[in-house]
Amino acid sequence: ELAGIVSFAYHYTQLEFGKNRSEVRLALLIDYFCAGSALLTGGVYMVQAGITSVPIESLVSAGVAVVCLSLCWVWEFGYPYIFWHSLWHISSAYTGYLVGQDHLSR
């Protein structure tokens, strides 16, 4: 949840101040740290749970999220960036939901 709040704050400052401002770069740095922490935590959780016990849908969704994030760094501007970045948010949130639901069902 913290990563989502920080991401919202980053995108808000990006829209409020425009790119190449120190406020936006600071928010982006904090966003990277939080998103990276969430990715590492989720990955460690899935490995500790036993990758074979994690539902395949969660693994596929996580893979899609990482691919979308990677494509955001290929196309950093314009509509392709908006498209891939939006899919990153949707697929990573869906992955978190799936892993959480699996955890609750155990």
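Residues numbered from 1 in each chain as written. Predicted model: local features only at pLDDT ≥ 70, side-chain atom pairs only at ≥ 80, totals over all residues. Heavy atoms only, no water.

Chemist: Please provide a residue-by-residue account of the overall build of the chain, values included.
Modeler: Tallying secondary structure elements over the chain gives four helices and zero strands in all. Reading the chain from its N terminus to its C terminus gives the helix and strand order α-α-α-α. Counting only C-alpha atoms and orienting by the principal axes, one finds that the chain spans roughly 45 × 25 × 15 Å. For the chain, buried positions account for 25% of its 106 residues. (Helix = DSSP H or I, 4+ residues; strand = E, 2+ residues; numbered from the N terminus. Buried < 20%, exposed > 50% of the residue type's maximum accessible area, 1.4 Å probe, protein only.)

Chemist: Before we move on, could you go through helix α1 (residues 2-17) and cite the residues and values that matter?
Modeler: Along its 16 residues, α1 runs 22 Å from first to last C-alpha, staying within 8% of the 22 Å computed at 1.5 Å per residue. Listed in full, the buried residues belonging to α1 are V6, S7, Y10, H11 and T13. Seen from one end, α1 has its buried residues packed into an arc of 160°, which puts them on one side. Residues of α1 that are exposed and angled more than 90 degrees away from the buried face: I5, F8 and L15. Contact partners of the buried residues in α1: α2 (22-49) and α4 (78-105). Looking at the residues trailing α1, positive phi occurs at G18, about 85°. (Expected span 1.5 Å × (residues − 1). Arc of directions from axis to C-beta. Contact = heavy atoms within 4.5 Å.)

Chemist: Tell me about the packing of aromatic side chains, residues and numbers included.
Modeler: Counted under the stated rule, the structure contains four aromatic pairs. Consider the rings of Y94 and Y97, whose centres lie 6.5 Å apart with planes at 20°: the pair is stacked. Placement of the pair is Y94 and Y97 together in helix α4, with a separation of three residues, close to one helical turn. By relative accessible area, Y94 is classed as partly exposed at 36%. According to the relative accessible area criterion, Y97 is partly exposed, its value standing at 49%. (Phe/Tyr/Trp six-rings, centres within 6.5 Å; stacked < 30°, edge-to-face > 60°.)

Chemist: Residue-level account of the side chain of S58, with values.
Modeler: Within the secondary structure layout, S58 lies in helix α3 (residues 56-74). Filtering out sequence-adjacent residues up to four positions away, S58 remains in contact with T95, L98 and V99.

Chemist: I'd like a rundown of the confidence of the model for the chain, residues and numbers included.
Modeler: Taken residue by residue, the chain gives an average pLDDT of 88. The fraction at 70 or more is 100%. Looking over the chain, one finds the lowest element-wise mean pLDDT in α2, namely 86, and the highest in α3, namely 92. (pLDDT = per-residue confidence, 0-100.)

Chemist: Describe the environment of Q101, listing the residues and the values that go with them.
Modeler: The topology assignment puts Q101 in helix α4. Once the C-alpha coordinates of Q101 and S22 are considered, the two residues, 79 residues apart in sequence, prove to be 39 Å apart.

Chemist: Residue-level account of the pattern of salt bridges, with values.
Modeler: Close approach of charged atoms lets side chains of opposite charge pair. For the structure on display, the rule yields one salt bridge. Put simply, R21 and E23 hold a salt bridge, and the shortest N to O gap is 3.2 Å. (Salt bridge = Lys/Arg side-chain N within 4 Å of Asp/Glu carboxyl O.)

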